Amino acid sequence: MASFDPLYSLSGLVVGALVGITGVGGGSLMTPLLVLLFGVHPATAVGTDLLYAAVTKSAGTAVHGIHGRINWRVVGCLAAGSVPAALLTLWFMAGVDRKSIEVAHTITTALGWLLVMTAFMLIFRKQVLAIAQRSIGERRRPLRPATIMVLTTVLGLALGILVTLTSVGAGALGVTVLLILYPRLDVREIVGSDIVHAVPLTFIGGMGYWMIGEIDWGMLLALLVGSIPGIIAGSLLAPKLHERTIRLVLAATLAVVAGKLLTG
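Values in this document were obtained by computation on a predicted structure and should not be read as measured data.

Asker: Explain the overall build of the protein residue by residue, including any values.
Answerer: Looking only at helices and strands, the protein has ten helices and zero strands in total. The secondary structure elements of the protein, listed N-terminal to C-terminal, are α-α-α-α-α-α-α-α-α-α. Within the protein, the fraction of its 264 residues that count as buried is 48%. A total of about 12,900 Å² of accessible surface is found on the protein, and carbon and sulfur atoms cover 70% of it.

Shown next, in the form of structure tokens:
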């Protein structure tokens, strides 16, 4: 517990509030913050953030479950791809020198590009969805249910690799693709299913990093102490704020952070 630092709790409070206001996953914010501001090694930052996400998203799962906003078929298809991919990625991480410059560079580069994509989706999600739905609508034959299930599993596979490697990807990116694949589902059902799927994925990833020695428990506790009240406060403030403005500011911040990660 020597690594318990009140500054981690303050960071958790800020990130939690932004998550509550915008709905953007904490991994997009927390992992870069730990790496750039606190100098935490990328592998330790990712592993600790995965367990942090598993705890915080569990509360979201309970809320969506109570309101019936979960499509278990979507969750099952995602998990069918993401769980094996997460285990394979953990196996790879266990077999490499995680303290090497090459591994740290790989993680930070992947994280940087995912932040660029997340920032892009924060600003242009509606346009991306409109283009995708127009393209699908022009097809002579709509996608068959079996094809949609296969594509959902492929999405889960990609998320399993990305989330386990960087702790980012299941939020803005995953939801956008699901909205394209399932245009008739309620947005709240899509979001709820994505959050439910993220819980076992981040838990498996976090436990895997724990087994290979990349979890800082004191830091995790300090983050949770700040983030839980932050998420509650952000959720209460969200209806009173101009969400579009907040999203633009957040996207700009993510773009700047991504530039810092990619340029070193």
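Asker: Tell me about the packing of aromatic side chains, and name the residues and values.
Answerer: Geometry of an aromatic ring pair is reported as the spacing of the ring centres plus the angle between the planes. With the rule as written, the count across this model stands at three aromatic pairs. Ring centres of W210 and W217 lie 5.9 Å apart, and the angle between their planes is 85 degrees; this geometry places the pair in the edge-to-face category. Assessed through its relative accessible area of 43%, W210 is described here as partly exposed.

Asker: Tell me about helix 7 (residues 172–181), residues and numbers included.
Answerer: Side chains that are three or four residues apart share a direction in an α-helix, a result of its 3.6 residues per turn. Burial runs high along helix 7: nine of the ten residues are buried. Considered for burial, the residues of helix 7 that qualify are A172, L173, G174, V175, T176, L178, L179, I180 and L181.

Asker: Which residues make up the nonpolar core, and what are the values?
Answerer: Grouped together as the largest cluster of nonpolar side chains are 45 residues, with contacts concentrated most on L34 and Y209. Broken down by element, the residue count for this core peaks at eight residues, all from helix 5 (residues 101–137). For L34, the contacting residues outside a window of four places in its chain are Y8, G39, V40, A45, M219 and L223. If you look at the next biggest cluster of nonpolar residues, it comprises 14 residues, including V74, L78, L155 and Y182.

Asker: Which residues make up unusual backbone geometry, and what are the values?
Answerer: Within the chain, S167 stands out as a residue other than glycine whose phi angle is a positive 70 degrees. Within the secondary structure layout, S167 lies in the loop between helix 6 (145–166) and helix 7.

Asker: Explain the environment of L223 to me, and be specific about the residues and the numbers.
Answerer: Inspection of the secondary structure puts L223 in helix 9 (residues 217–237). By relative accessible area, L223 is classed as buried at 0%. Residues L223 and G16, spaced 207 residues apart in sequence, show a C-alpha to C-alpha distance of 9.2 Å. In contact with L223, not counting residues within four places along its chain, are Y8, G12, M30, L34, T48 and Y52.

Asker: I'd like to hear about a nonpolar patch on the surface, residue by residue, with values.
Answerer: A cluster of nonpolar side chains, namely L7, L10, L13 and V14, defines an oily patch on the protein surface of about 350 Å² accessible area. With respect to the helices and strands, the residue L13 is situated in helix 1 (residues 6–22). We classify L13 as partly exposed; its relative accessible area is 38%.

Asker: Lay out the side chain of H197 in plain terms, naming residues and giving numbers.
Answerer: If you trace the backbone, H197 turns up in helix 8 (residues 187–211). Separated by 2.7 Å, the side chains of H197 and S82 make a polar contact. Excluding residues within four positions of it along the chain, H197 makes contact with V75, L78, A79, S82 and L159.

Criteria and thresholds
Residues numbered from 1 in each chain as written. Predicted model: local features only at pLDDT ≥ 70, side-chain atom pairs only at ≥ 80, totals over all residues. Heavy atoms only, no water. Helix = DSSP H or I, 4+ residues; strand = E, 2+ residues; numbered from the N terminus. Buried < 20%, exposed > 50% of the residue type's maximum accessible area, 1.4 Å probe, protein only. Areas by Shrake-Rupley, 256 points an atom, 1.4 Å probe, with all protein chains shown as cover. Phe/Tyr/Trp six-rings, centres within 6.5 Å; stacked < 30°, edge-to-face > 60°. Core = buried A, V, L, I, M, F, W, Y, C linked by side-chain atoms within 4.5 Å. Contact = heavy atoms within 4.5 Å. Patch = residues over 30% accessible without salt bridge, like charges linked within 9 Å, V, L, I, M, F, W, Y side chains within 5 Å. Salt bridge = Lys/Arg side-chain N within 4 Å of Asp/Glu carboxyl O. Polar contact = N/O pair within 3.5 Å; in protein donor to acceptor, adjacent residues only side chain to side chain.

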